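Descriptive structure summary
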Amino acid sequence: MSIASCGSGTGNIKYPKAPQDSTVDVYFGTEVRDPYRPLENDTAEATLQWVKAENDLTEAYLSEIPFRDNIRKRLTALNNYKKIGMPSRENDGNIYFSENDGLKNQSVIYRQIGDSTEVFLDPNTLSDDGTVALTGIFMSPDGKYTAYTISRSGSDWTEIYVMDTATRELLSDHIEWAKFTGVSWHDGGFFYSAYPRPEAGKEFSNANEYHSIYYHKLGTPQSDDTVAYENREQPLYFHSAYVPENQPYLLVSVGGQGIGDGLIFKKLGDKNATWQTVQPSQDYLFNVVGVRDGLIYALTTDGAENRQLITVPVDKPSRENWNVLVPEDKNSVLVDAEFSGKDKMMLTYDVAGTNHLYIYGRDGKRINEVELPTLGSVSVSANGKNDDVYYSFSSFNFPPSIYSLDTANGNSTLFKSTDIEGFNPEDYVVEQVMYPSTDGTMIPMYLTYKKGIERNGKNPVYLYGYGGFNITLHPSFSPNRLIWLENGGIYAQAGLRGGAEYGEKWHEMGTKQNKLNVFNDFISAAEYMIKEGWTNPELLTIEGGSNGGLLVGATVNLRPDLFKVAIPRVGVMDMMRYHLFTIGWNWASDYGTSADSPEMAQYLLRYSPVHNISNDGTPYPAIMVTTADHDDRVVPAHSFKYAATLQASDTGDAPKLIRIDSKAGHGSGKPVAKVIDEYTDIYSFIYHNLGISPKE
């Protein structure tokens, strides 16, 4: 198969024929055809054959791109640097941190005892190909035992193991089919969250219901575990357990059917204790920071769109007894709070998507601000047991560096820095601009590019967005982005409505029947880059994943003329049926569902990517869809049906391909080797269809 016949804009591709049927759904009287319904069965033989044929086609196309191997070599080199995670002093008194010496598929956990360092847990030994990822470590309060959670092949399904902390010997305890869970220790065992064991063959597609809290006693089989909390009247609720250290309370966060979380708790060790309600609704964010001196500390949007820090007495938890410790700031969003030693707290704020870090007293008074290197993002490691405070800082041109903070004077000391051979942060510019959306709303956007780039309309632009679920896109570092920047490309990251750049109101302006605002914001970002002379439509690439995959799919349908290449990754593409798979129902607070009302169904149908693909010869950009066989967050059926519809529609000669990864999921925990493979293919596809040969 030659490049010319593979669709670089000069010819047609013969696409595999997808399995079809005559399914028609009816939504409040409106008939909607779903011809590729058979692709929802990801284990059917016809689907498996189609997947193989699609992957064969995509590999044939990519294999003839002459610079593909050079891209792989450069990405491998860019990823080959030492990556250090934040240190933390744990309950055994020792310091733990993660480290990857370069190209290990998974980072290794190390333990520092005095001046010596040893391997504590190496996830790379848990599988031959690096597809088992470590997702959490939880040490018992006395430091004697350590539980850890793993994910296989990128799935959201979680397994829990336990080992002796001192000897690292594995115990017999093993929990399966847990999901969206940590481990909360109590009285010789721990609490965790899980669903009932799924039906064989449907582990990665069937809807998950009845998320419950279980208690496991060490040394016993999982079959003996007891239910600590369940709600049989609400099968779609999430339940997460938290036991504050040395505190006799089980706190349960309740979510899944709103934009926030409720909170209930119960005193442990008292057979007559009843569940107490702190926050009854899921209408507000309610994140517990910890429990100290009979008070629950929490961040909430209840009464504060930009979030405030409150305290709640455990003996009088009703709303009228809450106390505002740190009031809402109208000009910034409070995003995190951590205890630091006995008398301080670390608070992180967002201002238009960039972090600011402050030291506060436990009395709620601001002491000082921590000076950060530039616009960027911060992650803090602190607790109430000791005075150790570390934070990690990164930005688009600033690889993660770890600092030790002296909270007494606010001074930071560089603890660990990142050095990437051949990369000089000073060669690049990071700036934030504001641009008007369709309705005049000003949207923030970060631009990163090499110094000396001219506004001559000839620069390739990689435009990225998300716009949903209260998620802020911060300035962050990725070695895989450097190949774009060093070849003269501009990376643009837009802070679309639907995120949390300006608090809850900003989020709500991009949800449900305001969702079109998000797509208009993204389109306006592209138009801004053209108007300001940075680029032109022949050099514009858009990319997004998950909700961002929906963003890309919908935006292409709305303005196919505006982009040359589109990469929708693991996207939510069927808005009429998304809520029927795994945890899709959890997204209803942002999207609404086709079952809600005639108006909501029509609104979703209006922009659902799979239902709005043109079939009249309108030229579409070159599109490469990506998904994975173990994605049980956004099931691959979304991408399957979208790709099949694209390929069967008359949208011009530019290629419409799909890349389906194996032994991979939604993205979390993906081995470094698979990440390099994926970005090799993405950049090869982009550069080839832009008509650019990247430098060697």
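So, the overall build of the chain
When helices and strands are tallied, the chain shows 11 helices and 39 strands. By the compact-globule yardstick of 26 Å for 696 residues, the chain fits well, its C-alpha radius of gyration being 25 Å. The principal-axis extent of the C-alpha atoms belonging to the chain is close to 70 × 55 × 50 Å. Out of the 696 residues in the chain, the part that is buried amounts to 59%. Contacts spanning at least 24 positions in sequence make up 57% of the contacts within the chain whose residues lie at least 6 apart. Carbon and sulfur atoms make up 46% of the accessible area of the chain, which totals about 27,400 Å². Taking the 60 positively charged and 89 negatively charged side chains of the chain as two groups, their mean positions are separated by 1 Å.

Brief notes about the packing of aromatic side chains
Within the structure shown, the criterion is met by 41 aromatic pairs. For the pair Phe396 and Tyr491, a centre-to-centre distance of 5.8 Å together with 55 degrees between the ring planes defines the contact as tilted. Of the two residues, Phe396 is situated in the loop between β29 (389-395) and β30 (398-406) and Tyr491 in strand β35 (residues 490-494); the sequence distance between them amounts to 95 residues. Tyr491 carries the same exposure label as Phe396, and that label is buried. Centroid distance Tyr578 to Trp587: 5.9 Å. Interplanar angle 15 degrees. Geometry classified as stacked. Judged by relative accessible area, Tyr578 falls into the buried class, the value being 0%. The exposure class assigned to Trp587 is buried, which follows from its relative accessible area of 8%. Among the aromatic residues, those joined into a ring-pair cluster are Phe396, Tyr446, Tyr462, Trp484, Tyr491, Tyr679, Tyr683 and Tyr687.

Some thoughts on the pairing of strand β21 (residues 295-300)
Most of β21 sits inside the fold, with 5 of its 6 residues counted as buried. By the bridge criterion, 6 bridges tie strand β20 (residues 286-292) to β21 in an arrangement that is antiparallel. Residue pairing in the sheet places Asn287 in a bridge with Leu299 of β21. Linking two consecutive strands that pair antiparallel, namely β20 and β21, is a turn of 2 residues; a positive phi of about 50 degrees is found at Asp293 within it. Bridge count between β21 and strand β22 (residues 308-313): 6 bridges; the pairing is antiparallel. In the sheet register, Leu299 faces β22, and the bridge partner there is Leu309.

Here's the deal with the side chain of Thr131
The residue Thr131 is located in the loop between β7 (116-121) and β8 (132-139) in this model. Taking relative accessible area as the criterion, Thr131 reaches 4% and is therefore assigned buried.

Some thoughts on the layout of surface pockets
Unoccupied space between atoms shows up once a probe the size of one water molecule is rolled over them. The space that makes up the second largest pocket amounts to roughly 1,600 Å³. Forming the boundary of the second largest pocket are 45 residues, of which Glu90, Ile137, Phe138, Tyr242 and Lys385 lie nearest the centre. Those elements giving two or more residues to the lining of the second largest pocket turn out to be β4 (88-89), β5 (95-100), β8, β12 (184-186), β16 (238-242), β20, β24 (333-340) and β28 (377-382). For the lining of the second largest pocket, the element with the highest residue contribution is β8, accounting for 6 residues. Looking at side-chain class alone, the lining of the second largest pocket contains 23 nonpolar, 15 polar and 7 charged residues.

Examining the confidence of the model for the chain
With 96% of its residues at a pLDDT of 70 or more, the chain shows a mean pLDDT of 93. Within the model, pLDDT remains below 50 along residues 1-11, and this stretch shows 31 contacts once partners closer than five positions in the same chain are excluded.

Thoughts on the nonpolar core
Nonpolar side chains in soluble globular proteins tend to end up buried together. With 71 residues, the main nonpolar core has Trp50, Met445, Leu463 and Tyr607 as its most contacted residues. Here the element with the most residues in this core is helix α6 (residues 516-531); it accounts for 9 residues. Met445 has contacts with Glu431, Gln432, Val433, Tyr435, Leu463, Ala492, Gln493, Ala494, Ala525, Tyr528 and Met529, leaving out every residue within four places of it along the chain. By size, the runner-up hydrophobic cluster in this structure holds 41 residues, among which are Ile65, Trp484, Tyr491 and Val565.

Observations regarding the sheet that holds strand β23 (residues 323-326)
With respect to topology, 4 strands assemble into an open sheet ordered β20-β21-β22-β23, the strand pairing being antiparallel. Of all the strands in the sheet, the pair left with one neighbour each is β20 and β23. Sheet twist, expressed as the mean angle between neighbouring strand axes with direction ignored, is 30 degrees. When β22 meets β23, the two strands line up antiparallel, connected through 3 bridges.

Brief notes about the pairing of β22
With 6 of 6 residues buried, β22 is to be regarded as a mostly interior element. Here β22 shows a buried face lined by Gln308, Ile310 and Val312 and a second buried face lined by Leu309, Thr311 and Pro313.

Points about helix α10 (residues 637-648)
The end-to-end C-alpha separation of α10 is 16 Å, in line with the 16 Å expected for 12 residues at 1.5 Å each. Judged by how many residues are buried, α10 sits mostly within the fold: 11 of 12 residues are covered. For α10, the complete set of buried residues consists of Ala637, His638, Ser639, Phe640, Lys641, Tyr642, Ala643, Ala644, Thr645, Leu646 and Gln647.

Remarks on a nonpolar patch on the surface
On the surface, Met434, Met442 and Tyr502 cluster together into a nonpolar patch covering about 250 Å² of accessible area. Tracing the backbone through its elements, the reader meets Tyr502 in the loop between β35 and α5 (504-508). Residue classification places Tyr502 among the partly exposed positions, given a relative accessible area of 31%.

Observations concerning the sheet that holds strand β18 (residues 262-267)
The antiparallel open sheet is built from 4 strands, whose spatial order is β16-β17-β18-β19. Across the chains shown, the open sheet's two edge strands, defined by having one partner strand only, are β16 and β19 (276-279). The mean inter-strand angle of the sheet, taken between neighbouring strand axes irrespective of direction, is 25 degrees. Bridge analysis of strand β17 (residues 249-255) against β18 gives 6 bridges, and the strand direction is antiparallel. Note on β18: the bridge partner recorded for Ser253 is Leu263.

Here we look at the packing of α6 against helix α7 (residues 547-558)
The interhelical angle for the contact between α6 and α7, taken along N-to-C directions, is 70 degrees, at an axis separation of 10 Å. Classified by the angle their axes make, α6 and α7 are roughly perpendicular. Packed against α6, whose contacting residues are Val518, Phe519, Phe522 and Ile523, the element α7 presents Leu550, Leu551, Ala554, Thr555 and Leu558 at the interface. Each residue belonging to the contact of α6 with α7 can be placed in one class, and the counts come to 8 nonpolar, 1 polar and no charged.

Observations concerning the pattern of salt bridges
With the rule as written, the count across this model stands at 37 salt bridges. The shortest N-O distance in the salt bridge between Arg559 and Glu527 comes to 2.8 Å. Residue Arg559 is found in the loop between α7 and β37 (565-569), and its partner Glu527 is found in helix α6; the two are separated by 32 residues along the sequence. Among the residues examined, Arg559 registers a relative accessible area of 23% and is labelled partly exposed. Measuring nitrogen to oxygen at the nearest pair gives 3.1 Å for the salt bridge that ties Lys674 to Asp661. Separated by 13 residues along the polypeptide, Lys674 in helix α11 (residues 672-690) and Asp661 in strand β39 (residues 656-661) bring together distant segments of the chain.

What counts as what
Residues numbered from 1 in each chain as written. Predicted model: local features only at pLDDT ≥ 70, side-chain atom pairs only at ≥ 80, totals over all residues. Heavy atoms only, no water. Helix = DSSP H or I, 4+ residues; strand = E, 2+ residues; numbered from the N terminus. Rg over C-alpha atoms; globule rule 2.2 N^0.38 Å. Buried < 20%, exposed > 50% of the residue type's maximum accessible area, 1.4 Å probe, protein only. Contact = heavy atoms within 4.5 Å. Areas by Shrake-Rupley, 256 points an atom, 1.4 Å probe, with all protein chains shown as cover. Lys, Arg positive; Asp, Glu negative; His and termini not counted. Charge placed at Lys NZ, Arg CZ, Asp CG, Glu CD. Phe/Tyr/Trp six-rings, centres within 6.5 Å; stacked < 30°, edge-to-face > 60°. Pairing = 2+ DSSP bridges. 1 Å grid on protein atoms, 1.4 Å probe; cavity = no way out; pocket = protein on both sides within 12 Å on 5 of 7 lines; lining within 4 Å. Points joined across faces, edges and corners; volume = space filled by probe spheres on them. Nonpolar A, V, L, I, M, F, W, Y, C, P; charged D, E, K, R; others polar. pLDDT = per-residue confidence, 0-100. Core = buried A, V, L, I, M, F, W, Y, C linked by side-chain atoms within 4.5 Å. Axes fitted to C-alpha atoms, helices over the stretch in contact; angles between N-to-C directions. Expected span 1.5 Å × (residues − 1). Patch = residues over 30% accessible without salt bridge, like charges linked within 9 Å, V, L, I, M, F, W, Y side chains within 5 Å. Salt bridge = Lys/Arg side-chain N within 4 Å of Asp/Glu carboxyl O. Parallel < 35°, antiparallel > 145°, perpendicular 65-115°, else oblique.

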